[in-house]
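Commentary on secondary and tertiary structure
Next come the chains, spelled out residue by residue.
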Amino acid sequence: MSNEAWRNARAMYEKDICARELGIELIEMDQGFAQMTMVVTPKMLNGHQTCHGGQLFSLADTAFAYACNSQGLAAVASAASIDFLRPA
């Protein structure tokens with residue numbers, strides 16, 4: 001476990017209004033790795049009463065961002081894709 005990765009993540013999270021508003025929390029951090037969690041609330045449900053794909057993508061994209069920025073270098077994604085394996 002890298003203390004530097006945690007330090008970088010905490011600094012980023014302080015400014016990450018979107019992640020905080022979605023209830024996304026850091027579980028584990030290391031260089032090039034981030035594990036995050038998010039509680040699905042009723043406001044996040046789609047017409048099938050499952051979590052909206054956009055909300056799930058936001059969770060995945062946020063974890064990706066923290067992993068990419070874990071070494072303290074500013075980075076943004078140029079592309080991303082996701083496969084939805086089952087409803088949440």
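In short, a report on the structure. (Residues numbered from 1 in each chain as written. Predicted model: local features only at pLDDT ≥ 70, side-chain atom pairs only at ≥ 80, totals over all residues. Heavy atoms only, no water.)

Counting its regular elements, the protein chain contains three helices and two strands. Going from the N terminus to the C terminus, the protein chain shows its helices and strands as α-α-β-β-α. For the protein chain, the spread of C-alpha atoms along the three principal axes comes to 40 × 25 × 20 Å. Counting all 88 residues of the protein chain, 26% fall into the buried class. In the protein chain, the share of contacts with a sequence separation of at least 24, taken over all contacts with a separation of at least 6, comes to 53%. (Helix = DSSP H or I, 4+ residues; strand = E, 2+ residues; numbered from the N terminus. Buried < 20%, exposed > 50% of the residue type's maximum accessible area, 1.4 Å probe, protein only. Contact = heavy atoms within 4.5 Å.)

What tends to happen in soluble globular proteins is that the nonpolar side chains get buried as a cluster. Counting residues in each nonpolar core, the largest one holds 18 residues, and the members touching the most others are Ile-24, Leu-26, Met-29, Met-36, Met-38 and Tyr-66. Broken down by secondary-structure element, the contributors of at least two residues to this core are α1 (3–15), α2 (17–22), β1 (25–30), β2 (33–37) and α3 (53–68). (Core = buried A, V, L, I, M, F, W, Y, C linked by side-chain atoms within 4.5 Å.)

Further remarks concern the pairing of β2. The side-chain alternation of β2 yields one buried face, formed by Ala-34 and Met-36, and one unburied face, formed by Phe-33, Gln-35 and Thr-37. Pairing between β1 and β2: five bridges, direction antiparallel. Paired with Met-29 across the two strands is Ala-34, which belongs to β2. Connecting the antiparallel pair β1 and β2 is a turn made up of two residues, with Gly-32 showing a positive phi of about 75 degrees. (Pairing = 2+ DSSP bridges.)

Even without being glycine, Gln-49 reaches a positive phi, approximately 65 degrees. The class for Gln-49 is exposed, based on a relative accessible area of 56%.

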